[in-house]
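What follows is each chain in one-letter form.
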Amino acid sequence: MHAQILVIDFGSQFAHLISRRVRDLAVSADVVPSTIAADEVATRKPRGIILSGGPASIYEEGAPGMDENILDLGIPVLGLCYGHQLMAHLTGGSVRAGDKREYGLATLRKTKDSQLLKGIGEQEQVWMNHGDIVGQLGQGFVATGATQNCGNACYEHQGRNLYGCQFHPEVTHTLCGSMIFSNFLRICKTEQDFGMKNIAEQAIAELAGKLNGRKAVIGLSGGVDSMTAAVLAAKAAPEQITAIFVDTGFMREGEAQEVRDAMAPLGLDVHIVDARTRFYQGLKGIIDPEEKRKAIGRMFIEVFREHAKGARVLIQGTIYPDRIESGGSAHASKIKSHHNVGGLPENVGMDIVEPLRELYKDEVRRLALQLGCPDELVWRHPFPGPGLAVRILGEATEERAAIVARANAILEEEMHGADLYKDIWQGFCVLLPISSVGVQGDARSYKQVIGIRLVKSTDAMTAEFAKVPWDFLEQVSTRITNEMTQVNRVVYDITHKPPATIEWE
Ligand code: XMP
């Protein structure tokens, strides 16, 4: 059965997220490449089409286009960001560089009655990420919403059922996004045919099929993703799974034992491998973040190979945002290679199975709870596979790992103490590759700098720095500088994602 909504992907990091938002509204959706022909679209008989955003400018050489006959199939189309501009361009309008690039929050004002904007406020917060804007609209199109820098932030052609939004309704910062999708689905006359069936059962059955009796190994990182993948694997084929926790020396304090203790009641016997010396040596002299990730990926695999003799399959807790950030979509530009995808050597020698590859973090958490994982672990902040090594800017050494781990433990204690832990999506410390001058006990000091990163997010695709009380930050900073002789300065990261990423490397 074909999906009711087709999302045409122009290389947006958000194309998959758009399909997920549609599925959240109980309507099936598939993502297809921008090269899809109108005939193929017609054959699939979707009720509606959504054109995603994308990193290109439509006039740039090599910018993805589309078969414009798709716009004449009589199927409602919603263009978002690049899709909004491309549709304007193909229907007789014009696109030009905006006077100002817009990244982040903007206020949308409704300027005309509109089917697409029905039910939303006269002014709404929306999230923008673009340089170009739609200058003129083609015949029969009317503008229905504007922002300060963008007169045609929303347009529509009611007769042809074509709609465009310059902003991104799919990201949660656009508060009225879900209403806009609901309106579009109503225009498309979709039926609610997509239930969040028992994802656990589905995933277990799929995993059992993929393993097909073969032995598999999974590495636990201490985060919810690898834990969930491991528990799924243990349920799918308990006899075939070896779960390894590699102590790289870049883990949070006390983490190895904590994971082992928590997994035992879930039927997972975690094998802890002390590989600290290997990782400290293997990362010597490496400063470049991508090189670091790749070295870590390589060492992980070496350790797996040594400790999982006979395993034919490597199970990984890769989730959808990890893939996309490693350049997983046709046009999306590469941001980071996460160790569990881009950082892997070409020939792993094992088949890779990623049972969470289509899921977002919040979905993984729901799945983990369904599987019976304990609340504390499910709500634990995400932790990157390469661990503290990517939170030590510059060379990741044993000594520097101990510093960032201690500072991080203080921060975590204080987040729990202030009842902030659950409100914050991810909170951690980074160690900067510089020293700074301070004055301690009447003497000049020249010591390390710790950065605190606290973000709010729902899926890690975008994030806002958390506006926590000053008193809380003061308490963390005071404790770190009092208790840690190596640190004399603490800074707070006040950058959203984008333009920054959540991790510093
Ligand atoms: P960024 O820093 O890209 O992070 O905004 C988004 C989310 O992914 C986590 N992250 C990783 N997870 N391997 C992982 O398994 C990695 O290499 C990696 N790098 C980042 C990050 O902690 C955040 O939750």
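See the structure shown above.
Keep in mind that this is a model prediction, so the values were computed, not measured.

Calculation rules
Residues numbered from 1 in each chain as written. Predicted model: local features only at pLDDT ≥ 70, side-chain atom pairs only at ≥ 80, totals over all residues. Heavy atoms only, no water. Pairing = 2+ DSSP bridges. Helix = DSSP H or I, 4+ residues; strand = E, 2+ residues; numbered from the N terminus. Axes fitted to C-alpha atoms, helices over the stretch in contact; angles between N-to-C directions. Contact = heavy atoms within 4.5 Å. Phe/Tyr/Trp six-rings, centres within 6.5 Å; stacked < 30°, edge-to-face > 60°. Buried < 20%, exposed > 50% of the residue type's maximum accessible area, 1.4 Å probe, protein only. Right-handed = clockwise from strand over helix to strand, strands pointing away.

### Some points on the sheet that holds strand β2 (residues 29-33)
Consideration 1: Strands sit in the order β2-β1-β3-β4-β9-β8-β7-β5-β6 across an open sheet of 9 strands; the sheet is mixed. The open sheet has two edge strands with one neighbour each: β2 and β6 (123-134). For this sheet, the mean angle separating the axes of adjacent strands, direction not counted, is 25°.
Consideration 2: Pairing between strand β7 (residues 142-147) and strand β8 (residues 150-157): 4 bridges, direction antiparallel. Opposite Ala 143, over in β8, you have Tyr 155 as the bridge partner.
Consideration 3: Against the sheet, helix α1 (residues 15-24) contacts β1 (5-9), β2, β3 (48-51) and β4 (77-80), and its axis sits at roughly 160° relative to β2.
Consideration 4: On top of the sheet, helix α4 (residues 177-188) reaches β1, β3, β4 and β9 (162-165); it is set at about 140° to β3, its chief contact.

### Observations concerning the packing of aromatic side chains
Consideration 1: Using the criterion set out here, one finds 8 aromatic pairs in the structure.
Consideration 2: Their ring planes at 75° and their centres at 6.4 Å tell us that Tyr 163 and Phe 184 sit as a pair that is edge-to-face. Placement of the pair is Tyr 163 in strand β9 and Phe 184 in helix α4, with a sequence separation of 21 residues. Both residues of the pair, Tyr 163 and Phe 184, count as buried.
Consideration 3: Summarising the aromatic geometry, the rings of Phe 250 and Tyr 280 are spaced 5.3 Å apart at their centres and angled 75° between planes, so their arrangement reads as edge-to-face. Of the two residues, Phe 250 is situated in the loop between β11 (241-247) and α7 (255-263) and Tyr 280 in helix α8 (residues 276-282); the sequence distance between them amounts to 30 residues.

### Examining the pairing of β11
When a strand is regular, its side chains alternate between the sheet's two faces.
Consideration 1: Taken across its 7 residues, β11 has 6 buried, putting it largely inside the fold.
Consideration 2: The pairing of strand β10 (residues 216-220) with β11 spans 5 bridges and is classified as parallel. Paired with Ala 216 across the bridge in β11 is Ile 241.
Consideration 3: You can see the chain leave β10, run along helix α6 (residues 224-236) and come back into β11, and the turn it takes is right-handed.
Consideration 4: Relative to strand β12 (residues 270-274), β11 is paired through 5 bridges, and the arrangement is parallel. Paired with Val 246 across the two strands is Val 273, which belongs to β12.

### Considering the pairing of β4
Consideration 1: Neither face of β4 is exposed, since Val 77 and Gly 79 on one face and Leu 78 and Leu 80 on the opposite face are all buried.
Consideration 2: Inspection of the sheet shows β3 paired to β4 by 3 bridges, in the parallel sense. In the strand pairing of β4, Ile 50 is matched with Leu 78.

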